[in-house]
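Each chain, letter by letter, is given below.
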Amino acid sequence: MQTTNAVFPFSTGADDAWVPSACALCYASCSIRAHRVNGAVVKIEGNPDSVVGKGRLCGKGVTGIMTHYDPNRLTKPLRRTNPKKGINEDPGWKEVSWDEALDELASVLKRVRKEDPRKLVVQRTTTVTASGMPFRAFSAAFGTPNVSASGGGIHCGNGAHLISGTMHASWSAVPDFAYCNYAMYFGASKGHAAGHASGSNMGLAADARARGMKMVVVDPMANFAGAKATEWVPIRVGTDAALALAMAHVMVRELGIYDVAYLQAKTNGAYLIGPDQRYVRDTESNQPLVWDKAAQAARPFSAVVAADMALGGEFSVRGVKCEPGFAKLKAHLAKFTPEWAEGVCTVPARDIRRLAAEFAAEACIGSTIVIDGVTLPYRPVAAIAFRGNQGHLNSNYNFIAVDLLNQLVGAADVVGSCLGFNPACKGFPENGRLRYVPKPDADGLMVAGMWLGFHYPYPPTDPRLPQNLGLQDLFVMGLNSIFLNSTDQEEFWQKFELPYRPEVLINFGANLVMAIGNGEVVAKSLERYKFMVSFDLFLTETSQFADLVLPDASYLQMTDSRANFPFMFSLPAGMGEWCWPIRQPVLPLDGGQRRFTDVLLDVADRMGMRADINAAYNAAMNLQHPYRLEGDRPYSYEEICDADLKNNFGAERGLDWFKEHGLIKWKKQPQEVYWRPFVDVRVPIYWEFLGSVWEGINAICEPRGLHIPKEYYEPLPNFLPCHSHQCKKEGFDFYAFYYRDVLHTNSFTMENPWLDEAAQLDPFSYTIAINADSALARGLRDGQNVWVDSDSGRRVKGRLRFTQAVHPEGLGIAACAGHWSEGMPIAKGKGVFFNELLEVDFDHVSPINLSLDLCVKVRVTPAA
Ligand SMILES: Nc1nc2c(c(=O)[nH]1)N[C@H]1C(S)=C(S)[C@@H](COP(=O)(O)OP(=O)(O)OC[C@H]3O[C@@H](n4cnc5c(=O)[nH]c(N)nc54)[C@H](O)[C@@H]3O)O[C@H]1N2
Ligand SMILES: Nc1nc2c(c(=O)[nH]1)N[C@H]1C(S)=C(S)[C@@H](COP(=O)(O)OP(=O)(O)OC[C@H]3O[C@@H](n4cnc5c(=O)[nH]c(N)nc54)[C@H](O)[C@@H]3O)O[C@H]1N2
Ligand code: SF4
Ligand SMILES: [Mo]
């Protein structure tokens, strides 16, 4: 274990200090050092001591000064005087004191909590991870399950997190950059523009490319990852499953290359499947049976040596015909020929065959490598995906199909392969705290050791008549939900006899009017709240709907004991070090703003809820004696952070120690990073349990007149079309999609003048990327203003930018721009509001994981 050298705080008499802290311009929370001179921050750099960001900052991180000092920041609590709400409604803001504001808020919350705490909805931006712990504690103390994360999840994570969680026990997955030789990206920019552990991954990915790692990027646009790739594979939007399944077809059926030993030992590929698509189980132990080749008999999986488990063949058990899951998969793959896939995803069949052969060969099945004296499987290939692949109606299968490529060759959490983000940790060496590791359930399938979301990815809970506004307790494969903002929310709440309605919204930063879908649709959902309070930096489009706006402190004024929420969200995968950095105030409070963390505690006190919130922090932070918060003692947030740090790192390492050192780190072990061979868990290549999930959901839905299509819950992945693929309307011949700009975070940073200036110089940040040949064939001109019309009658205006780097049918729109709020004058009117084109209703989400469909078939016509 090693701590960092305490070089930062120094004084030259006048105020001149480098303060270690953490960026918050996006959720990657890179460690920073901020240079403060005479009370002003003059420079922000990456903290080279930290593993989180590895001393790097992206362009956004560098500009944080301008976000902090933005004269358009909110400085006083504001009270709405106009009771009418709407996008074009003037709220009639009037300044009020903090006391007035918090008294009103506390009295509203007290009433609602007494009536039914579930009437409170707590909504946070995904961008500021510091809000995770405090709002988790506040919601738990209050007693509401209705917690949500803006467009987070329904755009980015419902597919990605769920499947990565089930397969890699992790929020997300990346190539093991230090050893990977062949990485395939399916709609992810990890290490190039966005994604988790962004700063660290950019360095790791650049080094990997320099080392010779081949990078194949499957994307409708060669924007960031594609631009740096060895090969860009343009794909029709929303069809990743077709390509991945065809690659699996080639590997399994044409080349016969797959990792038999891995499939036997680490997947459910040997479990026997009956004609009802369910495991054939042992009558005594209820364990799934496998065919024991040595004993020539069906036996419970835990009683058989992996190498003796049959992956093929037909067997009869108690008179029931059955086959191993892998045999089912192999048969299922027959129809996904490269020729078929070409027609769906537009990637030529010969390229699909070549990519599959390259991936299979580069996997080096059977090989090992020694790392730090430990012999480990070596599979230097990875197929990864993120937001782009899964933000669709067919989200679930898209993600499963891509990860299947890793599973087939055993490239899962071993050297060089697809790695989860730190799913196993032996704990802090001095005291073993923070230990977590995946474990098997009764069927031998993996349950993640630690999880960040609302529910564990696996096993799913039993669907029930929903009590949550988002209906995730019915649609149990969904993490975040559209029903908080959808056009059909009331219809669904009535259908499922939801016994209450939302009344109060606490919003932290989230700009949901822009982040989720069509602005008017989301606005309507906000109008129905009786009371809304918004903690914000600016008067965003969303905060304009609040009754009360509370001016927050900026990240340069914050204390956060877990800058890397909950402590590994932004820690790069792969060998290296564990690292726990904090965030601390570089600047004091000024201008009438307060830290939301303190405000939440103040509100809890005013409501008489202190004992509950102390208890909730004890649970959320897993505080143990003697650091447990006691009774209703009025701790400050700094005291809670101090307890959190001492609880994990010992009495001598409290907040003061961390303020001086910035972080603590210790070495990762190969058994942690490459945990898969050491942990006896399996993952599904045959998703047997989805059948029961469907039955449970459908049993509740069908009697209420809602049919849930079973084809989304099949045990083996398929390609299912999005609405866009079925649109045959004349003139609607482009698939509009969005992608992240390296210069901007979601809808947040367009207000930053440095980033805005850079984005204006960038050819694509604020324009609509269109394939030059396709555009010319339709008589369109580069630089022309156009209308983009969706097939359901929504429209948005923007300026075309010609390029060869976008699929001939693709229309690429960067970021989440097109602001209209007067409260963000720099951002106002810049860029294109893609989400205006999106419907927000059940018909436009994945019926299994509630991911919103983010591809739209559009017509492009010249505008005046
Ligand atoms: N077109 C398009 N739509 C998207 C996306 C996209 O890339 N393009 N991304 C999607 C995804 S995956 C996600 S997760 C969502 C994200 O959507 P949001 O969670 O709404 O995130 P942002 O748009 O980044 O907005 C961050 C907000 O937090 C506020 N904020 C920043 N720092 C602080 C702070 O310290 N305190 C307080 N109180 N507020 C702060 C800012 O004012 C800003 O309004 O958007 C989704 N929607
Ligand atoms: N710079 C920056 N960094 C960020 C953020 C940000 O806004 N800006 N937001 C943060 C958040 S909240 C998230 S969720 C992550 C998201 O990080 P990413 O997953 O990297 O996000 P995107 O750029 O939206 O999508 C990745 C790629 O998918 C492509 N794509 C779109 N549709 C499809 C498709 O159907 N198939 C395929 N194969 N590709 C497709 C896009 O062109 C894009 O290149 O980034 C985080 N980091
Ligand atoms: S990647 Fe995100 S957290 Fe890191 S420097 Fe850039 S904006 Fe800040
Ligand atoms: Mo996201």
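None of these values were measured; they are calculated from a predicted model.

Each value, and the rule that gives it
- Residues numbered from 1 in each chain as written.
- Chains lettered and ligands numbered in written order.
- Predicted model: local features only at pLDDT ≥ 70, side-chain atom pairs only at ≥ 80, totals over all residues.
- Heavy atoms only, no water.
- Helix = DSSP H or I, 4+ residues; strand = E, 2+ residues; numbered from the N terminus.
- Rg over C-alpha atoms; globule rule 2.2 N^0.38 Å.
- Buried < 20%, exposed > 50% of the residue type's maximum accessible area, 1.4 Å probe, protein only.
- Contact = heavy atoms within 4.5 Å.
- Areas by Shrake-Rupley, 256 points an atom, 1.4 Å probe, with all protein chains shown as cover.
- Expected span 1.5 Å × (residues − 1).
- Near = heavy atom within 4 Å.
- Polar contact = N/O pair within 3.5 Å; in protein donor to acceptor, adjacent residues only side chain to side chain.
- Domains from an automatic or database assignment.
- Buried area = accessible area lost by both parts, 1.4 Å probe.
- Nonpolar A, V, L, I, M, F, W, Y, C, P; charged D, E, K, R; others polar.
- 1 Å grid on protein atoms, 1.4 Å probe; cavity = no way out; pocket = protein on both sides within 12 Å on 5 of 7 lines; lining within 4 Å.
- Points joined across faces, edges and corners; volume = space filled by probe spheres on them.
- UniProt positions renumbered as here; feature names shortened; annotations may be inferred.
- Phe/Tyr/Trp six-rings, centres within 6.5 Å; stacked < 30°, edge-to-face > 60°.
- Lys NZ or Arg CZ within 6 Å of the ring centre and 35° of its normal.

A. Quick look at the overall build of the chain. Each helix and strand in the chain was counted, giving 26 helices and 34 strands. Against the 2.2 N^0.38 benchmark of 29 Å for 864 residues, the chain shows a C-alpha radius of gyration of 26 Å, consistent with a compact globule. Taken over the C-alpha atoms alone, the chain extends approximately 80 × 70 × 60 Å along its principal axes. The buried share among the 864 residues of the chain stands at 65%. Restricting the contact set of the chain to residue pairs at least 6 apart, pairs at least 24 apart contribute 72%. Accessible surface for the chain amounts to roughly 27,900 Å². Of this, 51% is attributable to carbon and sulfur atoms.

B. Seen up close, helix H20 (residues 637-649). Taking 1.5 Å of rise per residue, the 13 residues of H20 would be expected to cover 18 Å, and the 18 Å separating its terminal C-alpha atoms lies within 8% of that figure. Among the residues making up H20, those that are buried are Tyr637, Ile640, Cys641, Ala643, Asp644, Leu645, Asn647, Asn648 and Phe649. Along its buried surface, H20 packs onto helix H4 (132-142), strand E27 (577-581), helix H18 (596-607), helix H19 (610-620), helix H21 (655-661) and strand E28 (663-667).

C. The site of ligand 1, seen in detail. Inspection of the region around ligand 1 gives 30 residues, with Thr127, Asn511, Ala515, Arg740 and Ser747 positioned closest. Interatomic distance of 2.6 Å between a backbone N/O atom of alanine 515 and a nitrogen atom of ligand 1. Contacts to ligand 1 include aspartate 536, whose side-chain N or O atom sits 2.9 Å from an oxygen atom. Contact with the protein chains covers 99% of the free accessible surface of ligand 1, which is 910 Å².

D. Examining the domain arrangement of the chain more closely. By the assigned domains, the chain splits into domain 1 (1-149 + 454-565 + 585-661) and domain 2 (723-862). The C-alpha centroid of domain 2 is placed 29 Å from the C-alpha centroid of domain 1. Each partner contributes residues to the interface: domain 1 has 43 residues there, and domain 2 has 37 residues. Roughly 3,200 Å² of surface becomes buried between domain 1 and domain 2 when both sides are summed, with 65% attributable to carbon and sulfur atoms. Here domain 1 is connected to domain 2 by 19 residue pairs in polar contact (both at pLDDT 80 or more). Of all elements in the fold, only helix H1 (59-62), helix H2 (64-68), helix H16 (512-515) and helix H17 (519-527) reach the threshold of two or more residues within the side of domain 1 that touches domain 2. Within the side of domain 1 that touches domain 2, the residues separate by chemical class into 20 nonpolar, 19 polar and four charged.

E. Seen up close, the layout of surface pockets. The volume enclosed by the largest pocket comes to roughly 640 Å³. Around the largest pocket, the lining is made up of 31 residues, and of these Arg124, Arg136, Leu452, Gly453 and Phe454 lie nearest the centre. When contributions to the lining of the largest pocket are tallied by element, the ones reaching two or more residues are H4 and strand E8 (147-148). Ranked by residue count, the leading element in the lining of the largest pocket is H4, at five residues. Looking at the lining of the largest pocket residue by residue, the classes come out as 17 nonpolar, twelve polar and two charged. Here the second largest pocket is characterised by a volume of approximately 360 Å³. Lining of the second largest pocket is provided by 19 residues; of these, Met450, Arg562, Pro566, Ala620 and Asn622 occupy positions nearest its centre. Taken together, the residues of the lining of the second largest pocket break down into twelve nonpolar, three polar and four charged.

F. Focus on the UniProt feature "domain: 4Fe-4S Mo/W bis-MGD-type" (unreviewed entry) in the chain. According to UniProt, the "domain: 4Fe-4S Mo/W bis-MGD-type" (unreviewed entry) feature falls on residues 16-72. With 16% helix and 37% strand, residues 16-72 has its two end C-alpha atoms placed 27 Å apart.

G. The environment of aspartate 656, seen in detail. As for its position among the elements, aspartate 656 is in helix H21. Taking the C-alpha atoms as reference points, aspartate 656 and leucine 645, separated by eleven residues in sequence, lie 9.9 Å from one another.

H. Local environment of the packing of aromatic side chains. Going through the model one piece at a time under the given rule, you end up with 38 aromatic pairs. Relative to phenylalanine 658, the ring of phenylalanine 649 has its centre 5.5 Å away and its plane inclined at 50 degrees; by these criteria the two rings are tilted. Here the aromatic cluster, defined as three or more aromatic residues joined through ring pairs, consists of Phe428, Tyr436, Phe567, Trp578, Trp580, Phe649, Trp657, Phe658 and Trp666. One cation-aromatic arrangement involves lysine 668 over tryptophan 578; the distance from NZ or CZ to the ring centre is 5.5 Å.

I. Quick peek at the environment of lysine 665. Tracing the backbone through its elements, the reader meets lysine 665 in strand E28. On the basis of relative accessible area, lysine 665 is assigned to the buried category, the value being 8%. Separated by 262 residues in sequence, lysine 665 and aspartate 403 place their C-alpha atoms 31 Å apart. A polar atom in the side chain of lysine 665 sits 2.5 Å from the backbone oxygen of aspartate 49.

J. View of unusual backbone geometry. For the peptide bond that leads from phenylalanine 565 to proline 566, omega is -20 degrees, which places it in the cis range. In this chain, histidine 625 is followed by proline 626 through a cis amide linkage whose omega measures 5 degrees. Here proline 626 lies in the loop between H19 and H20. Even without being a glycine, cysteine 364 presents a positive backbone phi close to 50 degrees. Examined against the element boundaries, cysteine 364 turns out to sit in the loop between helix H12 (349-362) and strand E18 (368-371). Overall, the relative accessible area of 29% leaves cysteine 364 in the partly exposed class. Within the chain, alanine 815 stands out as a residue other than glycine whose phi angle is a positive 60 degrees. Take alanine 815: its relative accessible area is 11%, and that puts it in the buried class.

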